[in-house]
Amino acid sequence: MINKVVAGADEAIRDIKDGSTLMLGGFGLCGIPENCITALVKKGVKRLTCISNNAGVDDFGIGLMLQQRQVKKMISSYVGENAEFERQLLSGELEVELIPQGTLATRCMAAGYGMPAIFTPAGVGTEVAEGKEIRNFNGKDYLMEYAFDADFALVKAWKGDTAGNLIFRSTSRNFNPVMAMAGKITIAEVEELVEAGTLDPDHVHTPGVYVHRIFQGANYEKRIEQRTVRPRN
Amino acid sequence: MLDKNGIAKRIAKEIRDGYYVNLGIGIPTLVANFIPDGINVVLQSENGLLGMGPFPFEGEEDADLINAGKQTITTLPGSSIFDSAMSFGMIRSQKIDLTILGAMEVSENGDIANWKIPGKMVKGMGGAMDLVASAKNIIVAMQHVNKAGESKLLPKCSLPLTGVNCIRKVVTELAVLDILPEGGFKLIERAPGVSVDYIKQVTAGRLFADDGAPEMILD
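Residues numbered from 1 in each chain as written. Chains lettered and ligands numbered in written order. Predicted model: local features only at pLDDT ≥ 70, side-chain atom pairs only at ≥ 80, totals over all residues. Heavy atoms only, no water.

Draft legend 1. Focus on the overall build of chain B. Across its full length, chain B holds five helices and 13 strands. In terms of its C-alpha atoms, chain B occupies a principal-axis envelope of roughly 50 × 40 × 30 Å. Relative to its 219 residues, chain B shows a buried fraction of 59%. In chain B, once contacts between residues fewer than 6 apart in sequence are set aside, the share between residues at least 24 apart is 62%. In chain B, the 21 positive side-chain charges and the 26 negative ones have mean positions that sit 6 Å from each other. (Helix = DSSP H or I, 4+ residues; strand = E, 2+ residues; numbered from the N terminus. Buried < 20%, exposed > 50% of the residue type's maximum accessible area, 1.4 Å probe, protein only. Contact = heavy atoms within 4.5 Å. Lys, Arg positive; Asp, Glu negative; His and termini not counted. Charge placed at Lys NZ, Arg CZ, Asp CG, Glu CD.)

Written out as structure tokens, the structure is:
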């Protein structure tokens with residue numbers, strides 16, 4: 001079995017450079033690679049292109065990288081809830097490409113499946129379609145959207161083993177499996193790292209072949225963005 | 001005239017037994033509170049869940065279990081979890097029977113705008129463009145006029161579009177309207193106490209109401 005384990009986030013991101021293109025898993029603050037983000041902020045790499053469904057909040061997630069002006073371009077589907085993001089966008093410091101959420105997920109999937117492009121109806125007739133090839137299948141128009149080309153994918157899993165196999169928990173799965181498949185180098189941080197052979201192969205969500213480096217994460221905050229509850233009675 | 005819960009309650013009457021339903025943020029989320037007894041539906045949350053349940057009891061929140069509005073939620077018996085690509089796969093392949101979402105503008109040919117106001121903050125389309133491009137049955141839940149008092153039911157949308165020729169039904173605080181295949185809003189029902197004339201006055205797009213329209217029955 002090939003051992004994919006590295007000591008921690010600093011070692012895992014050692015070759016992420018200024019100008020790299022990164023994918024970051026998560027939906028809102030759920031299932032984000034917290035340890036990798038902290039290490040990137042510490043390392044201070046700049047001019048990053050970040051592909052991520054959201055851009056964090058002011059003081060957590062990708063918001064921490066925005067605060068340090070490390071991000072040149074965000075490719076996302078929804079970027080509300082972040083005042084610093086808004087400021088950088090309006091001042092022109094930050095480039096933003098907004099794309100439909102399903103298109104974002106499927107462009108990751110295409111990369112992981114070795115397919116150069118997909119056809120989707122999302123965005124036909126809107127400004128998202130500008131400059132894109134349109135093909136008609138069975139009487140309906142579809143946009144051609146290219147597979148992403150990312151240098152690194154940073155994902156967060158619940159459990160992982162030394163061979164890089166990953167299991168996600170609940171809705172923190174979201175974009176993580178498709179991004180894990182899509183990176184030229186995929187880095188997985190996990191809440192619990194176990195020996196290969198411990199996980200039931202039938203329960204593995206992401207096969208280790210897609211994962212290049214894995215490490216045991218630490219100090220997960222797992223911040224809740226909207227705490228909603230109902231009364232007991 | 002209906003309040004937000006009234007709009008949600010009226011929309012809930014469109015839900016049929018056995019539907020898989022995607023609810024957008026805002027008024028659509030409230031629809032879950034009014035699903036009639038005896039109707040079994042499965043709610044999809046596009047971040048990767050079928051079988052969304054109510055908010056958790058205090059102290060039982062799970063940071064790993066949220067809906068597309070980033071709210072803490074629960075799962076129900078029979079629910080399932082999947083990744084974002086599969087989530088939009090089931091949307092694109094029309095496995096979801098009904099989509100309910102909000103809008104800033106709807107046009108008389110069924111165009112919808114709900115993701116961007118140029119010059120102001122742009123939050124993004126999230127999953128809305130995927131949903132409106134693929135869903136077979138979409139209901140828009142919105143206020144009839146905007147905060148400036150201008151009609152949101154227009155001959156043509158003025159804001160950047162989310163989707164083209166895709167909306168067939170709109171429910172507002174004043175009325176239920178169908179969008180006709182040949183274009184135009186057809187008044188189907190009026191909210192209690194609201195006159196046809198008033199609805200005409202606040203509908204900028206073509207409104208067909210020649211044969212009148214009954215008042216809604218909510219209960």
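Draft legend 2. Structural context of the interface of chain A and chain B. Each partner contributes to the interface: chain A provides 50 residues, whereas chain B provides 47 residues. Between chain A and chain B the total buried area reaches about 4200 Å² when both faces are included, carbon and sulfur atoms providing 59% of it. A per-residue breakdown of the area chain A buries against chain B is headed by Thr171(A), Thr228(A) and Arg230(A), which together make up 16% of the total. Joining chain A to chain B, the criterion identifies six salt bridges. The interface formed by chain A and chain B holds 28 residue pairs in polar contact (both at pLDDT 80 or more) in total. Those elements that provide at least two residues to the side of chain A that touches chain B are α4 (83–90), α5 (101–113) and α6 (176–180) of chain A. The element best represented in the side of chain A that touches chain B is α5(A), accounting for six residues. Partitioned by chemical class, the residues of the side of chain A that touches chain B number 20 nonpolar, 18 polar and 12 charged. (Buried area = accessible area lost by both parts, 1.4 Å probe. Salt bridge = Lys/Arg side-chain N within 4 Å of Asp/Glu carboxyl O. Polar contact = N/O pair within 3.5 Å; in protein donor to acceptor, adjacent residues only side chain to side chain. Nonpolar A, V, L, I, M, F, W, Y, C, P; charged D, E, K, R; others polar.)

Draft legend 3. Geometry of helix α3 (residues 84–92) of chain B. Among the residues of α3(B), those classed as buried are Ser84(B), Ala85(B), Ser87(B), Phe88(B), Met90(B) and Ile91(B). Looking at the buried residues of α3(B), the elements they touch are α5 and α6 of chain A together with β2 (42–45), β3 (49–53) and α4 (128–134) of chain B. Two or three places before Ala85(B), at the opening of α3(B), Asp83(B) has a side-chain oxygen 2.9 Å from that residue's backbone nitrogen. Of the residues flanking the end of α3(B), it is Gln94(B), one or two places downstream, whose phi is positive at about 65°.

Draft legend 4. The arrangement of the layout of surface pockets in detail. For the second largest pocket, the calculated volume is near 290 Å³. Elements supplying a minimum of two residues to the lining of the second largest pocket: β7 (140–146) of chain A together with α4 of chain B. For the lining of the second largest pocket, the leading source of residues is α4(B), giving four residues. In terms of residue class, the lining of the second largest pocket is built from eight nonpolar, seven polar and three charged. (1 Å grid on protein atoms, 1.4 Å probe; cavity = no way out; pocket = protein on both sides within 12 Å on 5 of 7 lines; lining within 4 Å. Points joined across faces, edges and corners; volume = space filled by probe spheres on them.)

Draft legend 5. Inspection of the packing of α5(A) against α3(B) at higher detail. Axis separation between α5(A) and α3(B) bottoms out at 8 Å; the angle between their running directions is 120°. On the basis of their axis angle, the class for α5(A) and α3(B) is oblique. Crossing geometry of α5(A) relative to α3(B) is assigned as left-handed. Contacts between α5(A) and α3(B) involve Gln101(A), Gly102(A), Thr103(A), Ala105(A), Thr106(A) and Met109(A) from the first element and Ser84(B), Ala85(B), Phe88(B) and Arg92(B) from the second. A per-class count over the contact of α5(A) with α3(B) returns four nonpolar, five polar and one charged. (Axes fitted to C-alpha atoms, helices over the stretch in contact; angles between N-to-C directions. Parallel < 35°, antiparallel > 145°, perpendicular 65-115°, else oblique. Left-handed = near helix turned anticlockwise from the far one by under 90°.)

Draft legend 6. Representation of empty space enclosed by the protein within the structure. Throughout the structure, instances matching the rule amount to four cavities of 30 Å³ or more. Estimated volume of the largest cavity: approximately 70 Å³. Lining the largest cavity are 14 residues, with Gly28(A), Ile32(A), Ser52(A), Asn54(A) and Ile62(A) sitting closest to its centre. Class assignment for the residues of the lining of the largest cavity results in seven nonpolar, seven polar and no charged. If you add up the space inside the second largest cavity, you get close to 60 Å³. Lining the second largest cavity we find Leu29(A), Cys30(A), Gly31(A), Ile32(A), Glu34(A), Lys156(A), Tyr220(A), Lys222(A), Arg223(A), Ala63(B) and Asp64(B).

Draft legend 7. Structural context of the nonpolar core. Of all hydrophobic cores here, the largest spans 53 residues; its most connected members are Ile100(B), Val106(B), Val140(B), Ile167(B), Val170(B) and Leu187(B). Apart from residues no more than four positions distant in its own chain, Ile100(B) is found in contact with Ile11(B), Val21(B), Asn22(B), Leu23(B), Gly24(B), Pro28(B), Val31(B), Ile139(B) and Ala141(B). Met65(A), Leu66(A), Val71(A) and Val128(A) belong to the second-largest nonpolar core, a separate cluster that totals 36 residues. (Core = buried A, V, L, I, M, F, W, Y, C linked by side-chain atoms within 4.5 Å.)

Draft legend 8. Representation of the sheet that holds strand β6 (residues 105–107) of chain B. Residue and element names in this part refer to chain B. Spatially, β7-β6-β9 is the arrangement adopted by the three strands of the open sheet, whose pairing is mixed. Strands with a single pairing partner mark the edges of an open sheet, and in this sheet they are β7 (112–113) and β9 (153–154). Bridge count for β6 against β7 is two bridges, and the pairing is antiparallel. Bridged to Glu105 within β7 is Ala113. (Pairing = 2+ DSSP bridges.)

Draft legend 9. How the structure looks around the side chain of Thr21(A). Within the secondary structure, Thr21(A) is located in strand β1 (residues 21–24). Residue contacts for Thr21(A): discarding those within four places in its chain leaves Thr49(A), Ile51(A), Asp149(A), Ala150(A), Asp151(A) and Phe152(A).

Draft legend 10. Spotlight on the pairing of strand β5 (residues 117–120) of chain A. Residues and elements named next belong to chain A. Here β5 shows one buried face, formed by Ile118 and Thr120, and one open face, formed by Ala117 and Phe119. When β5 meets β7, the two strands line up antiparallel, connected through four bridges. Paired with Thr120 across the strands is Leu143, a residue of β7.

Draft legend 11. Local environment of the packing of aromatic side chains. All names here are of chain A. Under the criterion given, the structure shown has two aromatic pairs over all chains. Judged by centre distance (5.1 Å) and plane angle (70°), the rings of Phe119 and Phe137 are edge-to-face. One end of the pair, Phe119, is in strand β5; the other, Phe137, is in strand β6 (residues 134–137), with 18 residues separating them in the sequence. On the basis of relative accessibility, which here comes to 31%, the residue Phe137 falls in the partly exposed class. Cluster of aromatic residues (ring-pair linked, three or more members): Phe119, Phe137 and Tyr142. The ring of Tyr220 carries the charged tip of Lys156 above its face, separated from the ring centre by 5.0 Å. Just above the ring of Trp158 sits the side chain of Lys159; from NZ or CZ to the centre is 4.6 Å. (Phe/Tyr/Trp six-rings, centres within 6.5 Å; stacked < 30°, edge-to-face > 60°. Lys NZ or Arg CZ within 6 Å of the ring centre and 35° of its normal.)

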